[in-house]
Number of protein chains: 6
Amino acid sequence: MYFQGLFIFSLLIISSSEAAVLDFCVGDLSLPDGPGGYACKKPSKVTCDDFVFSGLAAPVKLIPLIKAAVTPAFAPQFPGLNGLGISMARLDLAIGGVIPMHTHPGASEVLYVVQGEICAGFISSSDNKVFFKTLKQGDIMVFPQGLLHFQINSGKTSALAIVSFSSPTPGLQITDFALFANDLPTELVAATTFLDAALIKKLKGVLGGTN
Amino acid sequence: MYFQGLFIFSLLIISSSEAAVLDFCVGDLSLPDGPGGYACKKPSKVTCDDFVFSGLAAPVKLIPLIKAAVTPAFAPQFPGLNGLGISMARLDLAIGGVIPMHTHPGASEVLYVVQGEICAGFISSSDNKVFFKTLKQGDIMVFPQGLLHFQINSGKTSALAIVSFSSPTPGLQITDFALFANDLPTELVAATTFLDAALIKKLKGVLGGTN
Amino acid sequence: MYFQGLFIFSLLIISSSEAAVLDFCVGDLSLPDGPGGYACKKPSKVTCDDFVFSGLAAPVKLIPLIKAAVTPAFAPQFPGLNGLGISMARLDLAIGGVIPMHTHPGASEVLYVVQGEICAGFISSSDNKVFFKTLKQGDIMVFPQGLLHFQINSGKTSALAIVSFSSPTPGLQITDFALFANDLPTELVAATTFLDAALIKKLKGVLGGTN
Amino acid sequence: MYFQGLFIFSLLIISSSEAAVLDFCVGDLSLPDGPGGYACKKPSKVTCDDFVFSGLAAPVKLIPLIKAAVTPAFAPQFPGLNGLGISMARLDLAIGGVIPMHTHPGASEVLYVVQGEICAGFISSSDNKVFFKTLKQGDIMVFPQGLLHFQINSGKTSALAIVSFSSPTPGLQITDFALFANDLPTELVAATTFLDAALIKKLKGVLGGTN
Amino acid sequence: MYFQGLFIFSLLIISSSEAAVLDFCVGDLSLPDGPGGYACKKPSKVTCDDFVFSGLAAPVKLIPLIKAAVTPAFAPQFPGLNGLGISMARLDLAIGGVIPMHTHPGASEVLYVVQGEICAGFISSSDNKVFFKTLKQGDIMVFPQGLLHFQINSGKTSALAIVSFSSPTPGLQITDFALFANDLPTELVAATTFLDAALIKKLKGVLGGTN
Amino acid sequence: MYFQGLFIFSLLIISSSEAAVLDFCVGDLSLPDGPGGYACKKPSKVTCDDFVFSGLAAPVKLIPLIKAAVTPAFAPQFPGLNGLGISMARLDLAIGGVIPMHTHPGASEVLYVVQGEICAGFISSSDNKVFFKTLKQGDIMVFPQGLLHFQINSGKTSALAIVSFSSPTPGLQITDFALFANDLPTELVAATTFLDAALIKKLKGVLGGTN
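Predicted model only: the values in this text are computed from it and were never measured.

**Q** I would appreciate a short explanation of the relation of the copies chain D and chain F in the present structure.
**A** Two chain copies, one operation linking them: a rotation about an axis together with a shift along it. Aligned on chain F, chain D shows an RMSD of 0.0 Å; the corresponding rotation is 180° and the shift along the axis is 0.0 Å. These values place the two chain copies in the arrangement generated by a two-fold rotation axis. Distance from the rotation axis, computed per C-alpha, reaches its smallest value in chain D at Ser166 of chain D: 2.8 Å. An overlap of 100% is found between the interface residues of chain D and their copies at the interface of chain F, pointing to a shared contact surface.

This is the structure:
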């Protein structure tokens, strides 16, 4: 007998109704959010499916321009991550595929090569030093928060990587798109990048920007 | 010409010697650490290899007892992660393999199934509710910080998963090992777990504990 | 005269209506919460009683099984703590009483012995090392975040302790209850704890679990 | 041609509707706030004006008593700062003007002297040591979080300073006002400050306090 | 048999030498500290005594002026708290004893009345509103970070309270001591507090200040 | 008499030697740093000058290419800021001057126009939307963490701005310099920016890059 003298055990030490707070905070996207993330779904409506996400498993259509795609599992796609300080994404790179220069404004990243060979690197802010290397299957690489970085399929097969971030909402700012895929006037782009106006207009045309 | 009137460009806006701080802090394990992690390796000695880790790529010897293994890429193994709020590990599970009930005292976790089928779950603290599900290749699941959780190979092949944590030093406390693989006196284990002394002594024997 | 030349002092430097934000955020449990805690009660409705809690003063009914009780003053019970990074609880232990092995997923703990003698300890995650000691009245002990720990009345009188946590919502996961007081199938418990099915079913019976 | 083989570029890598979260969180003061700040204004309603504030540009009416004024640009006045960990304020000091002893409960401060000469200082908590100095135009000084500090116009012209804080809601507690401009009974003020009752009543009279 | 097929269990899943990091970071006061606290004592030198502190148990000599005393168990006195986000202190108040107006620049506080009756309160920064109440044995009260607050023995016996803080180094700034127990020139104190010079000099004399 | 019955006041409530920790942590640049910043200078060597910085007051030599300059007062230049969550910098822009597109990987920024007229803007990451506006003297604008932004002198006089950051080490990554002022091979730049090789080589030549 492991428990002696116990006939009725009707009281948990803390009843669930009192303390049922903040083990997790599955995001409720229909409510207003705050600086720390989404408001929490009511605990009584949370199910196991809130903590599982299959959106990284399916095959992804690549962007022709880059022969690659980024599929996020950030808090907006996977609200179970809300408030937990972590998220994931899937990178698909066909032969010759590239994830262009970009930053994540709010997170550091670790990349794991599931398949293929990827040349990846980042640029430090203090002295513009570049750290890049060709990664084989199973290698991991870390990209410190907010720094410009890139990934290129450097192998002879398609490549797949899983990346993880130190925030449920890391953000993604692709430099080319940020500069050319909007209505920022050409003269302002020119003044702040030193590219000439003709080139900027051409890039705006390609990427859907105006002005 | 994109840059006009520039003959000598010898001055960067901020010289690297002044501002070269804290893009990253590769851990120097030979120095004393602090509550926030390891002291930083001198920037001049940092190379790209500090940000790449291949220890998750190699095949791993499984623990016979659990037919599984956890291979960490935490800050002690991969000091490039130091201070960046993230880490990774690799889970190998042979057929029938199990990662026993455990917690990570300092981090939430996201698991990605690289291969095989894994039944994974966690137990909430507020009401002992269990959230578990069978995950297929490509599925991801999140385990909120500090909660008991487990992974079991529920498929007919070996399974491989990559897990990521919201801290470079998440910790790993396997309940069975914590309770039985040390010198905590049997009567204290009995009093705090309600298991009987004979069973505890048997488990201590198996797991290498004493007293 | 301490103030000269002052006839009318009708203007505070900052009017209260403008800056009246976030000295505190008394939780309003009727509104949706977020990852950082409860939404704030309107300042105009906050009174001193929101910052005072008497629920730890009253005598507490003990749980027969453990001859002990934990009375929380966490944010759900004491919403004045919301957002302030701290909470308290009261431990009552009759002669022979035990707070079983448990963790707080989101906080470190400090215990102060108000009365009696308590044997308390925790288990480190890195090497399963146990740190435990018998505490006398007035002693304090710290339990680092997320680690398994316990308290036992080791004296000849009842004992009372006040514990404080580094979070308003530290959580409390008692290992036995987490494993046996729910509907997690016996075969999953067996696979992840190495206890045999008969014992698990017995424990489930005692603690109110099923399956 | 910089982009080859691209005819249609209709898909961004991540569609804006999915990932449009938490680059910023302009405060919506009409919604309930939480411990981390205000709820976020809907992204579709955010305009550039939300990120610009002109309230520090206008001339300010000084408080006669102190010949000075503090004009805050904290989150309540400038909701674009919400969640971003920073705020500003403007200090105007006429000849002889003084910002009396005060603290900011939730932030450190850096002061930049735009014009004039300011004697500024703070008092450490550990040993009551005072750090003060006369600052010239262009000098900056830092005041660590929560410590008593002051600014005095020590020059022969009016002075202007811009101060910045490490929080969008730093708070401002002016010691004299906190002690005397409320209804805290005179005997409690006397007991906790060692000032005598007659003086306290006089100060309460001047500053609008009662009791 | 609970463990089958296990003859040799010589390998833990993670060897302790690799992962033995940051469950805790007992402060080593002989090494340089950093913004996050003390450097960590070597794990091999850590014993259970590092996590236990008896300095709050002993009777304390009161300060005659205030008939009270504050005995801290902050990280400098109790280095086991280093990095764990929490600390404690003991308040002794004789009949008529007072803990004068003070702030903790870096922490919120919760007070538990062990014995006696205490009138305690704090002053909000936004509108100088005072929240104060007479606390009985067993009551707890929270004081939000950085705000002026006080405790007075309002009963007919001596009083004892245990207070806990949301930081291992909360700091303690007693307003009277900060203003008068140092060498801040009388004219600066006068200018920033509106007290007259004669009174300031008298208070400086009593509290050991100069200038 | 304000203090009665006090003849000897030789004991402060807490002696300075015990509690003298962490009001501030002036950086000692000669010691190893950690993820949270520099190690602390010994308190006994700290003077008021550690908290004052005059490096933003002096006239600055502009970079001819951009007719502008950024003068940082980050922790490496102003170690008194270490650990305090804030820093400053000075922007000088001659007529036609430009601070090119850049990010601060670790901080949000607020800009205050001291003199002149500045057109400033940032680009959101979620939808490449641009927020920009012409700021007059006294206006402030906030730039959320990690996002691309720029400042241009849009007036007819030179302009001066003071910017403040939510970190003592915000970092500064100027996109053009990051891409072209280093040894990143031209083909990698081309692949990740879609600029053609000839243009990249020209820009590398101007900015001092190689390869």
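Past the structure itself, the notes keep going.
**Q** How should I be thinking about the sheet that holds strand E1 (residues 52-53) of chain B in this particular structure?
**A** Remark on secondary structure: sheet strands pair via backbone hydrogen bonds, oriented parallel or antiparallel. The 6 strands lie next to each other as E2(A)-E3(A)-E10(A)-E5(A)-E8(A)-E1(B), forming an open sheet whose pairing is antiparallel. Looking at which strands have only one partner, the edges of the open sheet turn out to be strand E2 (68-73) of chain A together with E1 of chain B. Bridge count for strand E8 (residues 140-143) of chain A against E1 of chain B is 2 bridges, and the pairing is antiparallel. Bridge pairing in E1 of chain B places Ile140 of chain A opposite Phe53 of chain B.

**Q** Even after reading the chapter, I still don't get helix H4 (residues 197-207) of chain D, so can you show me in this structure?
**A** At 3.6 residues per turn, the α-helix brings residues three or four places apart onto the same side. Burial in H4 of chain D covers these residues: Leu199, Ile200, Leu203, Lys204 and Leu207 of chain D. Summarising the axial view, the buried residues of H4 of chain D lie within an arc of 135°, below the 170-degree limit, and thus occupy one face. Across H4 of chain D from its buried face, at more than 90 degrees, point the exposed residues Ala198 and Gly205 of chain D. Elements in contact with the buried residues of H4 of chain D: helix H2 (175-180) and helix H3 (186-193) of chain D together with helix H4 (197-207) of chain E. Looking at the residues trailing H4 of chain D, positive phi occurs at Gly208 of chain D, about 90°.

**Q** Sorry, what's going on with the UniProt feature "domain: Cupin type-1" (unreviewed entry) in chain A here?
**A** UniProt marks residues 54-201 of chain A with the feature "domain: Cupin type-1" (unreviewed entry), using the numbering shown here. Note that residues 54-201 of chain A is 13% helix and 38% strand, and that its end C-alpha atoms are spaced 40 Å apart.

**Q** What exactly am I supposed to notice about the sheet that holds strand E10 (residues 159-165) of chain D here?
**A** Reading across the sheet, the 6 strands line up as E2(D)-E3(D)-E10(D)-E5(D)-E8(D)-E1(F) and stay open at both edges, with antiparallel pairing between neighbours. Each edge of the open sheet is held by one strand with a lone partner, namely strand E2 (68-73) of chain D together with strand E1 (52-53) of chain F. Note that E2 of chain D and strand E3 (residues 87-93) of chain D share 6 bridges and pair antiparallel. If you follow Ala69 of chain D over to E3 of chain D, its bridge partner there is Asp92 of chain D.

**Q** Hey, could you run me through the interface of chain A and chain B in this one?
**A** How big an interface is tends to be stated in terms of the accessible area lost upon association of its parts. Facing 58 residues of chain A, the contacting portion of chain B comprises 58 residues. Carbon and sulfur atoms supply 69% of the area that chain A and chain B bury against each other, a total of about 4,800 Å² over both sides. Joining chain A to chain B, the criterion identifies 2 salt bridges. As a salt-bridge pair, Asp49 of chain A and Lys133 of chain B come within 2.5 Å of each other at their nearest N and O atoms. Contributing elements (two or more residues each) for the side of chain A that touches chain B: helix H1 (16-19), strand E1 (52-53), strand E5 (109-115), strand E7 (130-135), E8 and strand E10 (159-165) of chain A. In terms of residue class, the side of chain A that touches chain B is built from 37 nonpolar, 14 polar and 7 charged.

**Q** Sorry, what's going on with the relation of the copies chain A and chain B here?
**A** Here chain A sits on chain B after a turn of 180° about the axis and a move of 0.0 Å along it, with an RMSD of 0.0 Å. Comparing contact sets, 100% of the residues at the interface of chain A also lie at the interface in chain B, consistent with an isologous, same-surface contact.

**Q** Sorry, what's going on with the state of the cysteines here?
**A** Covalent bonding between the sulfur atoms of two cysteines is what defines a disulfide. Counting across every chain of the model gives 6 disulfides over all chains. Disulfide pairing is shown between Cys25 of chain A and Cys40 of chain A; the S-S distance is 2.1 Å. In this structure, the disulfide formed by Cys25 of chain A and Cys40 of chain A twists by about -100° around the S-S bond and is classed as left-handed. Note that Cys25 of chain A is positioned in the loop between H1 and E1 and Cys40 of chain A in the loop between H1 and E1, a separation of 15 residues in sequence. Judged by relative accessible area, Cys25 of chain A falls into the buried class, the value being 4%. Lacking any disulfide linkage, Cys119 of chain B is separated from the closest cysteine sulfur, that of Cys48 of chain A, by 9.0 Å.

**Q** Looking at this structure, how should I read the packing of aromatic side chains?
**A** Both the distance between ring centres and the angle between the ring planes are used here to describe each pair of aromatic rings. This structure, assessed with the given rule, holds 54 aromatic pairs over all chains. Ring plane angle 15° and centroid distance 5.3 Å describe the contact between Phe53 of chain B and Phe78 of chain B, whose orientation is recorded as stacked. Pair noted here: Phe53 of chain B is in strand E1 and Phe78 of chain B is in the loop between strand E2 (68-73) and strand E3 (87-93), with a separation of 25 residues, a long-range link. Using a relative accessible area of 16% as the deciding quantity, one classes Phe53 of chain B as buried. Seen in terms of ring centroids, Phe122 of chain F and Phe131 of chain F are 5.1 Å apart; in terms of plane orientation they differ by 25°. Their pairing is stacked.

**Q** Hey, could you run me through the pairing of strand E10 (residues 159-165) of chain C in this one?
**A** Residues and elements named next belong to chain C. Burial of E10 is extensive: 7 of the 7 residues sit out of reach of the surface. Judged by which residues are buried, E10 turns out to be covered on both faces: Ala159, Ala161, Val163 and Phe165 on one side and Leu160, Ile162 and Ser164 on the other are all buried. Both strand E5 (residues 109-115) and E10 contribute to a ladder of 6 bridges, which runs antiparallel. Bridge pairing in E10 links Gln115 to Leu160.

**Q** Would you mind going over the interface of chain D and chain F with me for this structure?
**A** Listed by partner, the interface residues are 57 residues for chain D and 58 residues for chain F. The junction of chain D with chain F conceals about 4,800 Å² of combined surface from both sides, 69% of it contributed by carbon and sulfur atoms. Connecting chain D to chain F are 2 salt bridges. At the junction of chain D with chain F, the criterion picks out 15 residue pairs in polar contact (both at pLDDT 80 or more). Contributing elements (two or more residues each) for the side of chain D that touches chain F: helix H1 (16-19), strand E1 (52-53), strand E5 (109-115), strand E7 (130-135), strand E8 (140-143) and E10 of chain D. Considering only residue class, the side of chain D that touches chain F consists of 36 nonpolar, 14 polar and 7 charged.

**Q** Is there a simple way to think about the side chain of Asn182 of chain D in this case?
**A** Within the secondary structure, Asn182 of chain D sits in the loop between H2 and H3. In this structure the side chain of Asn182 of chain D is engaged in a polar contact, spanning 3.1 Å, whose partner is the backbone nitrogen of Leu184 of chain D. Setting aside its immediate chain neighbours within four residues, Asn182 of chain D contacts Phe177, Lys204, Gly209 and Thr210 of chain D together with Ile123, Asn128 and Val130 of chain E.

**Q** Looking at this structure, how should I read unusual backbone geometry?
**A** Where the residue is not glycine, phi is negative for most of them; where a peptide bond is considered, it is trans in most cases. The backbone of Lys67 of chain A sits at a positive phi, close to 50°, despite the residue not being glycine. The topology assignment puts Lys67 of chain A in the loop between E1 and E2. Look at Asn128 of chain F: it is not a glycine, yet its phi comes out positive at around 60°. Along the polypeptide, Asn128 of chain F turns up in the loop between strand E6 (118-123) and strand E7 (130-135).

The rules behind each value
- Here the residue index of a chain counts from 1 through its sequence in written order.
- Lettering for chains starts from A, numbering for ligands starts from 1, and both go in the order in which the items are written.
- Where totals are concerned, whole chains, interfaces and linings use all residues; where local detail is concerned, this predicted model gives features only for residues with pLDDT of at least 70, and gives and counts side-chain atom pairs only at 80 or more.
- Values shown for side chains rest on all heavy atoms present in the structure; no hydrogens or waters enter the calculation.
- The copies were overlaid by least squares, fitting only the C-alpha atoms of residues that reach a pLDDT of 70 or more in each copy.
- By the convention used here, residues are in contact when the closest approach between their heavy atoms is within 4.5 Å.
- At least two bridges found by DSSP between two strands are what make those strands a pair.
- By the criteria applied, helices consist of DSSP H or I runs no shorter than four residues and strands consist of E runs no shorter than two, each listed in order from the N terminus.
- The buried label applies to any residue whose accessible area, calculated with a 1.4 Å probe on protein chains only, is under 20% of its type's maximum; exposed applies above 50%, and partly exposed to all values in between.
- To be clear, the arc concerns the directions from the helix axis to the C-beta atoms.
- UniProt positions are given in the numbering used here, feature names are shortened, and annotations may be inferred rather than shown by experiment.
- By buried area we mean the combined loss of accessible area, with a 1.4 Å probe, across both parts when two parts are placed together.
- When a carboxyl oxygen of Asp or Glu lies within 4 Å of a side-chain nitrogen of Lys or Arg, that pair is called a salt bridge.
- Throughout, the ten residues Ala, Val, Leu, Ile, Met, Phe, Trp, Tyr, Cys and Pro are labelled nonpolar, Asp, Glu, Lys and Arg are labelled charged, and all others, Gly among them, are labelled polar.
- In this description, a disulfide is simply a cysteine sulfur pair whose atoms lie within 2.5 Å.
- Any Phe, Tyr or Trp ring, taking Trp's six-membered ring, that has another such ring centre within 6.5 Å forms a pair; planes under 30 degrees apart are called stacked, those over 60 apart edge-to-face, and the others tilted.
- Think of a polar contact as two N or O atoms within 3.5 Å of one another; within protein, one of them needs to be a possible hydrogen donor and the other a possible acceptor, and neighboring residues in sequence only count if both atoms come from side chains.

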